[in-house]
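So the chains spell out like this:
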Amino acid sequence: MAKTKELSKDTRNKIVDLHQAGKTESTVGKQLGLKKSTVGAIIRKWKTYKTTDNLPRSGAPRKISSLNDLQRAGTKVTKPTISNTLRCQGLKSCSARRVPLLKPVHVQACLKFAREHLDDPEEDWENVIWSDETKIERFGKNSTRRVWRTKNAELHPKNTIPTVKHGGGNIMLWRCFSAKGPGRLIRVKERMNGAMYREILSENLLPSARALKMKRGWVFQHDNDPKHTARATKEWLRKKHFKVLEWPSQSPDLNPIENLWRELKVRVEICMEEWAKIPATVCENLVKTYRKRLTCVIANKRLSGERW
């Protein structure tokens, strides 16, 4: 089948302009010499995505022969060859990003939020304090899956691992940040409930805003976790006169703090990997010289005049 000639950006924009002027799809098609179906497709794209630009496709065009063809030709394809070919197509091997399991209603709410705020000035976002809770594994890390993807496609469904909330063997953290830098980072030592969440906000939100030198009228963002949307929490925020950003459920990809969590977790994982590489001889020597450590402590305490 012959490949259909792609419309120029100027032509696509003319279609939208004529549509906004009240012209029907048939009229636009006749005026521009295009099929009605082509005009309709451009208008639907504009209504859905607020753009007529070409959208990213789910896969790259086929550039190499199938494995069976290569085998019949007596050609051996190695793993490095495949990896290099994929990289040449702009793909790279990455760990699949974990995201919440979404229902259609969540997807629509997320898209609605993105479209409504697409043209908000940058200054508005600079006056937002973003917040979230997350867990960091105490030992090791969650199982991962490698995927080949293009740049900035980490949240495409085929490159992610759906997750559900809660799990074991982890440390819970609450954190906030703004465009001016990180706010406070708090470890949640017990299972968090609404009262504990309000206590965390009471002790850390306003001090973070002051430290970050937020402008008057700054806005607080948190997700729709039941603790956040509880009547008591809403009332507390109202009494404190905090402006809260209306937020769609299950939309971590909208929250820039997710990138900071990932950065933190990567650093923790590197720390754990390096910890595991410490030679046993180093540990043995530390224990062997423990008596010397005790002697040094006693000497230092005596010199400083401190009593035990």
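Residues numbered from 1 in each chain as written. Predicted model: local features only at pLDDT ≥ 70, side-chain atom pairs only at ≥ 80, totals over all residues. Heavy atoms only, no water.

Some points on the confidence of the model for the protein
Let me state the cut-off plainly: Per residue, pLDDT captures the predictor's confidence, and it can take any value from 0 to 100. Contact definition: two residues touch when any of their heavy atoms are within 4.5 Å.
Overall, the prediction assigns the protein a mean pLDDT of 80, with 79% of residues at 70 or greater. In this model residues 139–143 is a low-confidence stretch, pLDDT under 50, and it forms eight contacts with partners more than four residues away in sequence or in other chains. Note on residues 304–308: pLDDT under 50 across the span, and four contacts to partners over four residues away in sequence or across chains.

What about a negative patch on the surface?
As a reminder of what qualifies: The patch calculation keeps residues exceeding 30% relative accessible area without a salt bridge and links them within 9 Å when they carry like charges or within 5 Å when they are nonpolar (Val, Leu, Ile, Met, Phe, Trp, Tyr). The method behind every accessible area is Shrake-Rupley, applied with a 1.4 Å probe, and residues are considered shielded solely by the protein chains displayed. When a carboxyl oxygen of Asp or Glu lies within 4 Å of a side-chain nitrogen of Lys or Arg, that pair is called a salt bridge. Neither His nor the chain ends is counted toward charge; the positive residues are Lys and Arg and the negative residues Asp and Glu. For this purpose, a charge sits on NZ of Lys, CZ of Arg, CG of Asp or CD of Glu. The numbering of helices and of strands both runs from the N terminus, where a helix is a DSSP run of H or I of at least 4 residues and a strand a run of E of at least 2.
A grouping of Glu122, Glu123, Asp124 and Glu126 is seen on the molecular surface, where their side chains present a negatively charged patch. Of note, Glu126 is situated in helix α7 (residues 122–126).

Structural notes on the side chain of Asn204
Which entries qualify depends on this criterion: Relative accessibility under 20% of the residue-type maximum defines a buried residue, over 50% an exposed one, and the middle range a partly exposed one, all with a 1.4 Å probe and only protein chains included. Whenever two N or O atoms come within 3.5 Å, that pair is a polar contact, provided that in protein one can donate a hydrogen and the other can accept it, and provided that, for residues adjacent in sequence, both atoms are side-chain atoms.
For Asn204, the position within the fold is in helix α8 (residues 194–211). Here Asn204 falls in the buried class, since its relative accessible area comes to 5%. Of note is the side chain of Asn204, whose polar atom sits 3.3 Å from the side chain of Arg184.

Section: the environment of Thr52
Topologically, Thr52 is positioned in the loop between α3 (36–49) and α4 (67–72). For Thr52, a relative accessible area of 5% corresponds to the buried category. Every residue in contact with Thr52, bar those within four places of it in the chain, is listed here: Arg12, Asn13, Val16, Ile42, Lys45 and Trp46.

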